[in-house]
Amino acid sequence: MSSSGSTQFISKRFEGIQAIAFDLDGTLVDSASGLAAAMDKAMKELGLPIPGLERVKNWIGNGADMLVNRALVWAGQEPTDALCQRTRAAFDFYYASTVETGSQLYPEVAQTLALLSQHGYLLALITNKPTPFVRPLLISLGIDSYFTHIVGGDDVVKKKPHPAPLYLVLAKTGVLASELLFVGDSRNDIQAAHAAGCPSVGMTYGYNYGEPIERSEPSCVLNQFSDLLPLIGLPPLS
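All residue numbers refer to position in the chain's written sequence, counted from 1. Where local features are concerned, this predicted model is filtered to residues with pLDDT of at least 70; where side-chain atom pairs are given and counted, the filter is 80 or more; whole-chain, interface and lining totals use all residues. Derived side-chain values reflect all non-hydrogen atoms in the structure, with water molecules and hydrogen atoms excluded from consideration.

## Overview of the side chain of serine 31
Secondary structure elements follow DSSP: runs of H or I of four or more residues count as helices, runs of E of two or more count as strands, with numbering from the N terminus. Note on placement: serine 31 falls in the loop between strand S3 (29-30) and helix H1 (32-45). A relative accessible area of 0% places serine 31 in the buried class. Ignoring any residue separated from it by four or fewer positions in sequence, one finds serine 31 in contact with Asp25, Gly102, Ser103 and Tyr207. Burial here depends on accessible area, computed with a 1.4 Å probe over protein chains only, as a share of the maximum for the residue type. Under 20% is buried, over 50% is exposed, and the range in between is partly exposed. Throughout, a residue-residue contact means that at least one pair of heavy atoms, one from each residue, lies within 4.5 Å.

Shown next, in the form of structure tokens:
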């Protein structure tokens, strides 16, 4: 595994990359404030304690149902099906109004995606976020046109860390597992890449349940999104 804040090399493992898939929350987009605002409002509606931003950050990564479950358990509630459904409905209602205002691209994401697209890489998005929220968010951030394939949390039976979403992208792109690089910020992303046989990059700045991404043993660890460019042999951002 290699680690660099300003990567100046090409690992043999990255020479044959033809497609790159990205996680969304914590990798491309800092979405914690929008998720936390919706979660706080949903909990308040149910008369439950409000978890706040810092707690919600550590709950992000397994989709909205797990986010709701973690919030209810934290609040001392038995996460019955009925209560989970009620809380999820409230969360979805509020997140519809906070998803865009509470999300922003991480530095250099737009410029890097543009260069990757210009150089002919197939770009895909794989997220556990509920599918209805994904494309409107990408459009609002101005990056929707870069992705040839988008897999949301409702598009597969098994979410990350299961490899099913990566298998779907492999089938759609027609590339080999060794030719698909998966870029994420959490152990869910790296575990999914390992299971699918794909090389992976772990970003250090995202949401990973409060633990270093290095523990999940990605193929490479990067501190800045634009470091992807020299990693696969492209000139760095000027």
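## Let's talk about the nonpolar core
Counting 60 residues, the largest nonpolar core has Ile20, Phe22, Leu28, Phe91, Phe147, Val201 and Leu228 as the members making the most contacts within it. When residues in this core are grouped by element, the largest group, seven residues, is from H1. Not counting residues up to four positions away in its chain, the partners in contact with leucine 28 are Phe22, Asp23, Gln104, Leu105, Tyr106, Val109, Leu125, Ile143, Phe147 and Phe225. Ala21, Val156, Leu180 and Phe182 belong to the second largest nonpolar core, which has 16 residues in total. Take the buried Ala, Val, Leu, Ile, Met, Phe, Trp, Tyr and Cys residues and link them wherever side-chain atoms come within 4.5 Å; each set so joined is a nonpolar core.

## A few points about the pattern of salt bridges
We define a salt bridge as a contact between a side-chain nitrogen of Lys or Arg and a carboxyl oxygen of Asp or Glu at a distance within 4 Å. Tallied over the full model, the rule gives seven salt bridges. A salt bridge links aspartate 23 to lysine 160, with the nearest nitrogen and oxygen atoms 2.8 Å apart. You can see aspartate 23 sitting in the loop between strand S2 (19-22) and S3 and its partner lysine 160 sitting in the loop between strand S6 (149-151) and helix H7 (164-173), a full 137 residues away along the chain. Exposure class is identical for aspartate 23 and lysine 160. Each is buried. Each of Asp23, Lys160 and Asp189 takes part in a single network of salt bridges with overlapping partners.

## Quick notes on the confidence of the model for the protein chain
Per residue, pLDDT measures the predictor's confidence, with a range of 0 to 100. For the protein chain, per-residue confidence averages 94 on the pLDDT scale, and residues scoring 70 or more make up 95% of the total. Confidence drops under a pLDDT of 50 for residues 1-8, and excluding neighbours within four residues, the segment shows 23 contacts in the predicted structure.

## Examining the environment of glutamate 45
Structurally, the position occupied by glutamate 45 is in helix H1. Considering only alpha carbons, one finds glutamate 45 and alanine 90, 45 residues apart in sequence, at a separation of 7.7 Å. Contact partners of glutamate 45, with chain neighbours within four places excluded, come to Ala90 and Tyr94.

## Quick word on the state of the cysteines
Two cysteine sulfurs form what is called a disulfide whenever their separation falls within 2.5 Å. Summed over all chains, the structure comprises zero disulfides. No disulfide involves cysteine 220; its sulfur sits 16 Å from that of cysteine 198, the nearest cysteine. A relative accessible area of 0% means that cysteine 220 is categorised as buried.

## Regarding the packing of aromatic side chains
Note on aromatic contacts: the rings of Phe and Tyr and the six-membered ring of Trp form a pair at centre separations within 6.5 Å, being stacked when their planes are under 30 degrees apart, edge-to-face when over 60 apart, and tilted otherwise. Within this structure, the stated rule accounts for seven aromatic pairs. On the basis of an interplanar angle of 80° and a centroid distance of 5.1 Å, the ring pair of phenylalanine 93 and tyrosine 94 is categorised as edge-to-face. Judged by its relative accessible area of 61%, phenylalanine 93 is exposed. A centroid spacing of 4.9 Å and a plane angle of 65° characterise the contact between tyrosine 95 and phenylalanine 133, whose relative ring orientation is edge-to-face.

## Details of the side chain of aspartate 189
Locating aspartate 189 in the fold gives a position in helix H8 (residues 187-196). Engagement of the side chain of aspartate 189 in a polar contact is seen with the backbone nitrogen of aspartate 185, the distance being 3.0 Å. What aspartate 189 contacts, discounting residues up to four positions off in sequence, is Asp23, Lys160, Phe182 and Gly184. Any pair of nitrogen or oxygen atoms within 3.5 Å is treated as a polar contact; in protein, a donor-acceptor pairing is required on top of that, and neighbouring residues in sequence qualify only through side-chain atoms on both sides.

## Overview of helix H5 (residues 109-118)
All buried positions along H5 are accounted for by Val109, Thr112, Leu113, Ala114 and Leu116. Buried residues along H5 sit in contact with S2, strand S4 (104-105), strand S5 (122-126) and helix H9 (228-231). In the segment just after H5, glycine 120 is the residue with positive phi, at about 90°.

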